[in-house]
Amino acid sequence: MNYEALRHFADSWGLVAMGVMFVSFIGWTFLPRVRDAHARAATMILDDEDHANG
């Protein structure tokens with residue numbers, strides 16, 4: 001595969017693949033089933049260290 005063929009692939013299907021992955025990752029953050037995990041991660045720094053270790 002030469003440079004021109006690789007460049008053509010990256011400009012067409014590579015861009016589509018990256019766009020689909022980007023939309024998937026953004027959509028995943030808004031799923032209802034991960035809401036609790038995100039809320040826990042957002043307040044994790046405020047938890048007491050003794051409570052977090054045991």
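To be clear, the structure that these remarks concern was listed above.
Presented here is a report on the structure given in the accompanying data block. (Residues numbered from 1 in each chain as written. Predicted model: local features only at pLDDT ≥ 70, side-chain atom pairs only at ≥ 80, totals over all residues. Heavy atoms only, no water.)

1. Describing the overall build of the protein chain
Helix and strand counts for the protein chain come out as three helices and zero strands. For the protein chain, the succession of helices and strands along the chain, N to C, is α-α-α. With the C-alpha coordinates aligned to their principal axes, the bounding extent of the protein chain is approximately 60 × 25 × 15 Å. Counting every position in the protein chain, which comprises 54 residues, the buried fraction comes to 4%. A total of about 5,300 Å² of accessible surface is found on the protein chain, and carbon and sulfur atoms cover 66% of it. The centroid of the 4 positive side-chain charges in the protein chain is displaced by 13 Å from the centroid of its 7 negative side-chain charges. (Helix = DSSP H or I, 4+ residues; strand = E, 2+ residues; numbered from the N terminus. Buried < 20%, exposed > 50% of the residue type's maximum accessible area, 1.4 Å probe, protein only. Areas by Shrake-Rupley, 256 points an atom, 1.4 Å probe, with all protein chains shown as cover. Lys, Arg positive; Asp, Glu negative; His and termini not counted. Charge placed at Lys NZ, Arg CZ, Asp CG, Glu CD.)

2. A word on the pattern of salt bridges
By the definition in use, this model includes one salt bridge. For R7, the salt bridge identified is with D11, shortest N-O distance 3.3 Å. Of the two residues, R7 and D11 both sit in helix α1 (residues 3-29), four residues apart, roughly one turn of that helix. (Salt bridge = Lys/Arg side-chain N within 4 Å of Asp/Glu carboxyl O.)

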